[in-house]
Amino acid sequence: MYKVVLIPGDGIGPEVAEATRKIVGATGVEIDWLVVEAGTAVLDKTGELIPQSVFDAIEAHRVVLKGPITTPIGGGFKSINVLLRQKYELYANMRPVTSYPEIGKYSEVDLVIFRENTEDLYAGREVRVSEDEVHGIKVITRQASENIVRAAFEYSKRKKRQKVCAVHKANIMKMADGLFLEASRNVAADYPDIEYSEVIVDNMCMQLVMYPEKFDVVVTENLYGDILSDLAAGLVGGLGLIPSANIGKDCAIFEAVHGSAPDIAGKGIANPIALTLSAAMMLDYLGETTAASRVRTAVYRVLKAGIELTPDLGGKGTTKKLTGVVIDAL
Ligand code: ATP
Ligand code: MG
């Protein structure tokens, strides 16, 4: 029996979390879910975005499945997502993006984005210099850069992936991105069997749209990784399909790439697959690799058959019905 912390989140979070829990339950892997609330829902009740009970649960169990949590814009709120990644040093954010048959605009995408998760412009160092001037400080360290690049190469080695591409803007940010690249090259030198390349981020956007099949493993800084992963999601059918894992030394949080989607929250039409595939990454992490591949295969079959697809995938299905057919496929 595994103990996993479940944060349903807000917006569509509770709907996709419920669906995912059912699907994971259907694999037969026994999980004791410790459900804890965080986000705007508890803010109204307790005055805190993350109550201490959430930190306690994470520290006790170290594995978390998390729904999206809205960050109130402005108003001095730090993103809960960013806070958790920094607090638990979840330095590697891994986002696999794969084509499914009959869905999305491209059929041969199979790439994995490794996004640095703890620094860059997300470090939250903003300084108001005057009424009319703010400086947002971009923090890049050799250590964090090496950590993420090494995670990308180690993954490539383990999964027999052939190529790693580092994405940067060192032509403009000569010092910050220059350091990222230097760290990246140092790590790449330890893996002579894996092809290493570098692409400037704006060019990468164009290349990904024109030839996404050329890319294998992509490694980049925090902000570029955020943007590139939404772009990559758009190539293969949208945010409703893309899972992610935030991995640190002794703690991991699995969550969908998408946000809380307030535009469709409460309507029963959110796509649960992104969180379900995040749960499959969690099963892999727990060593339940057979159950993980069964979940992925079930999702693949349902998407291929095109049954009960939610509106984001062009269908007329609902969260509940799509969940039901995935469980049947399992
Ligand atoms: P964040 O800042 O948290 O990343 P965001 O502004 O990028 O949030 P999302 O909440 O990810 O926005 O939503 C972007 C769009 O994608 C919305 O139109 C939303 O309805 C759609 N979307 C996101 N997730 C899903 C899902 N699981 N099922 C269906 N549509 C989704
Ligand atoms: Mg987003």
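Residues numbered from 1 in each chain as written. Chains lettered and ligands numbered in written order. Predicted model: local features only at pLDDT ≥ 70, side-chain atom pairs only at ≥ 80, totals over all residues. Heavy atoms only, no water.

**Q** How would you summarise the site of ligand 1 if you had to cite specific residues and measurements?
**A** In the region of ligand 1, the neighbouring residues are Ile12, Leu239, Gly240, His258, Gly259, Ser260, Ala261, Asp263, Ile264, Ala270, Asn271 and Asp312. Ala261 places a main-chain nitrogen or oxygen 2.8 Å from an oxygen atom of ligand 1. At 2.9 Å from an oxygen atom of ligand 1 is found a side-chain nitrogen or oxygen belonging to Asp263. Burial of ligand 1 by the protein amounts to 59% of the accessible area it has alone, namely 620 Å². In terms of residue class, the shell around ligand 1 is built from five nonpolar, five polar and two charged. (Near = heavy atom within 4 Å. Polar contact = N/O pair within 3.5 Å; in protein donor to acceptor, adjacent residues only side chain to side chain. Areas by Shrake-Rupley, 256 points an atom, 1.4 Å probe, with all protein chains shown as cover. Nonpolar A, V, L, I, M, F, W, Y, C, P; charged D, E, K, R; others polar.)

**Q** Give me the lowdown on the pairing of strand 9 (residues 195-200), citing residues and values where you can.
**A** Bridge count for strand 8 (residues 163-168) against strand 9 is six bridges, and the pairing is parallel. Counterpart to Ala166 in the pairing with strand 9 is Glu198. Viewed along the sheet, the connection from strand 8 through helix 6 (residues 176-188) into strand 9 turns out right-handed. (Pairing = 2+ DSSP bridges. Helix = DSSP H or I, 4+ residues; strand = E, 2+ residues; numbered from the N terminus. Right-handed = clockwise from strand over helix to strand, strands pointing away.)

**Q** Can you break down the pattern of salt bridges residue by residue, with the values?
**A** Using the criterion set out here, one finds 15 salt bridges in the structure. Two residues, Lys66 and Glu255, come together in a salt bridge whose shortest N-O distance is 2.7 Å. Separated by 189 residues along the polypeptide, Lys66 in strand 3 (residues 63-66) and Glu255 in strand 12 (residues 252-256) bring together distant segments of the chain. You can call Lys66 buried: its relative accessible area is 1%. Residue class for Glu255 comes out buried when judged on its relative accessible area of 6%. Its salt-bridge partner being Arg142, residue Glu182 comes within 2.9 Å of it at the nearest N-O pair. With Glu182 in helix 6 and Arg142 in helix 5 (residues 142-158), the pair connects residues that are 40 residues apart, well separated along the chain. Take Glu182: its relative accessible area is 39%, and that puts it in the partly exposed class. Via salt bridges that share partners, Asp120, Lys138, Asp177 and Glu221 belong to a single interconnected network. (Salt bridge = Lys/Arg side-chain N within 4 Å of Asp/Glu carboxyl O. Buried < 20%, exposed > 50% of the residue type's maximum accessible area, 1.4 Å probe, protein only.)

**Q** Give a detailed account of the pairing of strand 10 (residues 217-220), specifying residues and quantitative values.
**A** What you see with strand 10 is no split at all: Val217 and Val219 on one side and Val218 and Thr220 on the other are buried throughout. Bridge count for strand 5 (residues 110-116) against strand 10 is four bridges, and the pairing is parallel. Across the sheet, residue Arg115 finds its bridge partner in strand 10, namely Thr220. By the bridge criterion, four bridges tie strand 8 to strand 10 in an arrangement that is parallel. Looking across to strand 10, one finds that Val164 is bridged to Val217.

**Q** Let's hear about the nonpolar core: which residues, and what values?
**A** Judged by nonpolar contacts, the single largest core of 81 residues is most densely connected at Leu65, Phe114 and Leu303. Both domains that furnish three or more residues to this core are identified here as domain 1 (1-94 + 237-330) and domain 2 (105-111 + 118-235). For Leu65, the contacting residues outside a window of four places in its chain are Val4, Val5, Leu6, Ile7, Thr20, Trp33, Phe254, Leu275, Ser278, Ala279 and Met282. In this structure, Val36, Ile50, Leu90 and Ile253 belong to the second largest nonpolar core, which totals 18 residues. (Core = buried A, V, L, I, M, F, W, Y, C linked by side-chain atoms within 4.5 Å. Domains from an automatic or database assignment. Contact = heavy atoms within 4.5 Å.)

**Q** Pulling in residues and values, what's your account of the sheet that holds strand 2 (residues 31-35)?
**A** The strand order 2-1-3-12-11-4-5-10-8-9 describes an open sheet built from 10 strands, whose pairing is mixed. Whereas interior strands pair on both sides, the edge strands pair on one side only; in this sheet they are strand 2 and strand 9. The mean angle between the axes of side-by-side strands here comes to 25°, regardless of whether they run parallel or antiparallel. Pairing between strand 4 (residues 92-98) and strand 11 (residues 243-247): three bridges, direction antiparallel. Residue pairing for strand 11: Ala92 is matched across the bridge by Ile247. Here helix 1 (residues 13-26) sits on the sheet in contact with strand 1 (2-7), strand 2 and strand 3, set at roughly 165° to strand 2. Against the sheet, helix 5 engages strand 4, strand 5, strand 8, strand 9 and strand 10, with an angle of about 160° to strand 5. (Axes fitted to C-alpha atoms, helices over the stretch in contact; angles between N-to-C directions.)

Just distances and angles here, no functional claims.
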